Amino acid sequence: FEPKEAEAFTLPALATGDTVALDDYRGQVTYLTFWASWCLPCRQEMPYLAQLWQRHRDDGFQVIGINVDEDVEAARQFARDHELPFPLAYDADRAVSTRYRVPGFPTHYIVDRRGKIRFSGLGFNLADVAAISQEVETLLQESADAAD
């Protein structure tokens, strides 16, 4: 598996007028999750991601939730209900989802400090937690300028 470059994107933030840009997190390990408020596995994934982010954010770890709801208000309500603490972006026309070839929801990608996708997965269940945690912890131990 040859790690490929994570494609840069800039999207509007879900709840504010700000933007969320992948390049802003270069040098950090970044977990991208493509999600929707109606997706049941997404509902399971979000509390876990919030905990993972809380645990590792001071080590250079970031989570970006990329929402694809047609109804942006449903997505905002979901984010409020779940008190999601990490950046949330809104992919209204699913252009970024298309570029990332997202096959379903949730789909996640873990991007290393050098901007390469090192891990990806479709769906979420509690059995995934150990593998995801391990991958994040492994990547956090790498430096941004490690040799390819």
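Here, the structure is the one placed above.
My aim in this report is to walk through the structure given alongside it, one point at a time. Throughout, residues of each chain are indexed from 1 in the direction in which the sequence is written. pLDDT decides what is reported in this predicted model: residues at 70 or higher carry local features, side-chain atom pairs at 80 or more are listed and counted, and totals for whole chains, interfaces and linings draw on all residues regardless. To obtain the side-chain values, all non-hydrogen atoms of the structure were included, while hydrogens and water were left out.

## Description of the pattern of salt bridges
Rules: Basic side-chain nitrogens of Lys or Arg form a salt bridge, by our definition, when they fall within 4 Å of a carboxyl oxygen of Asp or Glu.
Scanning the model with the defined rule gives 9 salt bridges in all. Salt bridges here are not isolated pairs; linked through shared partners, they connect Asp 112, Arg 114, Arg 118 and Glu 142.

## Thoughts on the packing of aromatic side chains
Using the following cut-off: Only centres within 6.5 Å qualify two rings of Phe, Tyr or Trp (six-membered ring in Trp) as a pair; their planes then separate them into stacked at under 30 degrees, edge-to-face at over 60, and tilted for everything else. Think of it in three bands: residues with accessible area under 20% of the maximum for their type are buried, residues over 50% are exposed, and the middle band is partly exposed, with areas taken using a 1.4 Å probe on protein chains only.
Overall, the coordinates contain 7 aromatic pairs when judged by the stated rule. On the basis of an interplanar angle of 55° and a centroid distance of 5.4 Å, the ring pair of Tyr 100 and Tyr 109 is categorised as tilted. Note on Tyr 100: relative accessible area 7%, which makes it buried. Taking relative accessible area as the criterion, Tyr 109 reaches 9% and is therefore assigned buried. Cluster of aromatic residues (ring-pair linked, three or more members): Phe 9, Phe 34, Tyr 100 and Tyr 109.

## Re the nonpolar core
Short version of the rule: Among buried residues, those of type Ala, Val, Leu, Ile, Met, Phe, Trp, Tyr and Cys that are joined through side-chain atoms within 4.5 Å constitute a nonpolar core. The way it works is that DSSP assigns letters per residue, a run of H or I at least four long becomes a helix, a run of E at least two long becomes a strand, and they are numbered from the N terminus.
Of all hydrophobic cores here, the largest spans 48 residues; its most connected members are Leu 32, Phe 61, Phe 86 and Tyr 100. Mapped onto this core, the elements with two or more residues apiece are strand E4 (29-35), helix H1 (40-56), strand E5 (61-67), helix H2 (72-82), strand E6 (88-90), strand E7 (107-111) and helix H4 (128-140). With 7 residues, H1 is the single largest residue contributor to this core.

## Observations regarding empty space enclosed by the protein
Filter applied, for reference: Each cavity reported here is a set of points on a 1 Å grid over the protein atoms alone in which a 1.4 Å probe fits but cannot get out, each pocket an open set with protein on both sides within 12 Å along at least five of seven lines, and each lining residue one with an atom within 4 Å of a point. Grid points are joined across faces, edges and corners, and a volume is the space filled by probe spheres set on the points. Put simply, Ala, Val, Leu, Ile, Met, Phe, Trp, Tyr, Cys and Pro go in the nonpolar bin, Asp, Glu, Lys and Arg in the charged bin, and everything else, Gly too, in the polar bin.
Enumeration over the complete set of coordinates arrives at 1 cavity of 30 Å³ or more. In this structure, the largest cavity spans a volume of roughly 90 Å³. When the residues that make up the lining of the largest cavity are grouped by side-chain class, the tally is 4 nonpolar, 4 polar and 5 charged.

## Overview of H4
The periodicity of an α-helix, 3.6 residues per turn, causes residues three or four positions apart to be oriented the same way. Condition: To estimate the expected span of a helix, subtract one from its residue number and multiply by 1.5 Å. Taking the helix axis as origin, the arc is that swept by the directions to the C-beta atoms. Every residue pair with non-hydrogen atoms within 4.5 Å of one another is taken to be in contact.
For H4, built from 13 residues, the straight-helix expectation of 18 Å at 1.5 Å per residue is met to within 8% by its first-to-last C-alpha distance of 18 Å. Residues of H4 that are buried: Ile 132, Ser 133, Glu 135, Val 136, Leu 139 and Leu 140. The arc that holds the buried residues of H4, viewed along the axis, is 160°, so those residues lie on one side. On its buried face, H4 is in contact with E4, H1, E5, E7 and strand E8 (116-122).

## What about the state of the cysteines?
Stated formally: Here, two cysteine sulfur atoms that lie within 2.5 Å of each other are counted as a disulfide.
Applying the stated rule across the entire model yields 1 disulfide. Two residues share a disulfide in this structure: Cys 39 and Cys 42, whose sulfurs sit 2.2 Å from each other. Disulfide Cys 39-Cys 42: torsion about the S-S bond near 85°, hence right-handed. A relative accessible area of 0% means that Cys 42 is categorised as buried.

## A few points about H2
Listing the buried residues of H2 in full gives Ala 75, Phe 78 and Ala 79. Seen from one end, H2 has its buried residues packed into an arc of 95°, which puts them on one side. Glu 83 occupies a position one or two residues after H2 and carries a positive phi of about 50°.

## Quick notes on the packing of H1 against H4
How we decide: Lines fitted to C-alpha atoms define the axes, with helix axes restricted to the stretch in contact, and inter-axis angles between N-to-C directions lie between 0 and 180 degrees. Working rule for angles: under 35 degrees goes down as roughly parallel, over 145 as roughly antiparallel, 65 to 115 as roughly perpendicular, anything else as oblique. Handedness of a crossing follows from how the near helix is turned relative to the far one, being left-handed for an anticlockwise turn of less than a right angle and right-handed for a clockwise one.
Put simply, H1 and H4 touch, their axes get as near as 12 Å, and they point 25° apart. Relative to H4, H1 is oriented roughly parallel. H1 and H4 meet at a crossing whose hand is right-handed. On H4, the residues that touch Tyr 48, Leu 52, Arg 55 and His 56 of H1 are Val 129, Ile 132, Ser 133, Val 136, Glu 137 and Leu 140.

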